[in-house]
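# Tertiary structure, described
Now for the letters of each chain:
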Amino acid sequence: MTDTRRCPHPRVIVTRELTDTVMERLEALFDTQNNRGDVKMTRDQLAAAMASCDVLVPTVTDDIDADLIGNAGHRLKLIANYGAGVNHIDLKAARARGIIVTNTPGVLTEDTADMTMALILSVPRRLAEGEKLVRSGTWKGWSPGGMLGHRIGGKALGIVGMGRIGQAVARRARAFGLSIHYHNRHRLPKVLEAELGAEWHPHLDALLARVDIVTIHTPLNADSRDLIDRDRIALMRPHVFLINASRGGIVDEEALVEALEAGRLAGAGLDVWEHEPRIDPRLLALPNVVMTPHMGSATFEGRIATGEKVIQNIRMWADGHRPPDQVLEGWA
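Quick look at the structure, then. Model, not experiment: these values are computed from the prediction.

Bringing the state of the cysteines into the picture now. Per the stated rule, a full pass over the model turns up zero disulfides. As a non-bridged cysteine, C7 has C53 as the owner of its nearest cysteine sulfur, 10 Å distant. Under the relative-accessibility criterion, C7 is labelled buried at 17%. For C53, a relative accessible area of 0% puts it in the buried group.

A word on the sheet that holds strand β5 (residues 100-102). Spatially, the five strands line up as an open sheet ordered β2-β1-β3-β4-β5, and their pairing is parallel. Sheet topology places β2 (31-33) and β5 at the edges, where each strand pairs with a single neighbour. With direction set aside, neighbouring strand axes in the sheet form an average angle of 15 degrees. Pairing between strand β1 (residues 11-14) and β2: three bridges, direction parallel. Note on β2: the bridge partner recorded for V12 is T32. Across the sheet, helix α13 (residues 300-318) is in contact with β1, β3 (55-57), β4 (78-80) and β5; its angle to β4 comes to roughly 160 degrees.

So, about the pattern of salt bridges. Going through the model one piece at a time under the given rule, you end up with 19 salt bridges. A salt bridge links R25 to E308, with the shortest nitrogen-to-oxygen separation between them at 3.3 Å. Of the two residues, R25 is situated in helix α1 (residues 20-29) and E308 in helix α13; the sequence distance between them amounts to 283 residues. With a relative accessible area of 31%, R25 lands in the partly exposed category. Since its relative accessible area comes to 29%, E308 is described here as partly exposed. Across the pair D205 and R232 runs a salt bridge whose closest N-O atoms are separated by 2.7 Å. In this pair, D205 sits in helix α9 (residues 204-210) while R232 sits in helix α10 (residues 230-235), placing the two residues 27 residues apart along the sequence. Residue classification places R232 among the partly exposed positions, given a relative accessible area of 23%. One salt-bridge network, held together by shared partners, links E110, D114 and R172.

Cut-offs used in this document
- Residues numbered from 1 in each chain as written.
- Predicted model: local features only at pLDDT ≥ 70, side-chain atom pairs only at ≥ 80, totals over all residues.
- Heavy atoms only, no water.
- Disulfide = S-S within 2.5 Å.
- Buried < 20%, exposed > 50% of the residue type's maximum accessible area, 1.4 Å probe, protein only.
- Pairing = 2+ DSSP bridges.
- Helix = DSSP H or I, 4+ residues; strand = E, 2+ residues; numbered from the N terminus.
- Axes fitted to C-alpha atoms, helices over the stretch in contact; angles between N-to-C directions.
- Contact = heavy atoms within 4.5 Å.
- Salt bridge = Lys/Arg side-chain N within 4 Å of Asp/Glu carboxyl O.

These figures capture arrangement, not role.
Encoded structure:
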């Protein structure tokens, strides 16, 4: 059972610098300590914070593991995550300590789908290569064979994970003339499939062998880590482009690099990395990889909306109610 007693003036510690609007709201509503330096907390600093607060507001860069949770102070009753993904928080350990974990679902759907669509366009059309060519000063002008890429209209898009973001990507992609194929643990209702023009593939391997572009929109957990491994990359045809704006750990990065270097994949668009912020230098050297610095959700509007979700969860908990975005057992 989680503790739902009221805590009218909670002590809140925020691990990273958020937008000014959100930080000011947090300070006005609660006894809040904001991290205004935007420097990631060390493990010792996290431990000290968790020993002295009622509510911790971490982000994806904070590894809240079982040891930290097990040694947290008795006051800590809520981890109000700033973001939708909670793979960096040991949910089992939190449940064992009676600590509620919340997240911020839904607010970044459109932003992430926009970024995904930008990568889907950028990689086949070689936009990053073209931009670098112009900046280099070596461009000789238009020519019939210059910077040839591939059109995306008429291609088959495979969406791995058809939740909110996957569906938003499908709507965008359909407008560009892509046919929509998806793999999900559970099939969508037929009326929604008809609306999206989407075909369900119950087996991921069959999907990967069928489509021209693969985009990933599943959360990172024990089941999805290295979901796109060496064997599954081998199922994709050499003209396929792989897009990942979800979590880096879902793709075996070593296997991806090998396939790209060997020409067994046509290219990749990556907004996330297996060992962020470190990026494999071999990826940096590949011209057919478009790379962005985990900015899929990086809009002013999205960051403010995420903060408002965090505040709503804290206020509901502080008033003795179940937070609207409590992460329950079996989250995926």
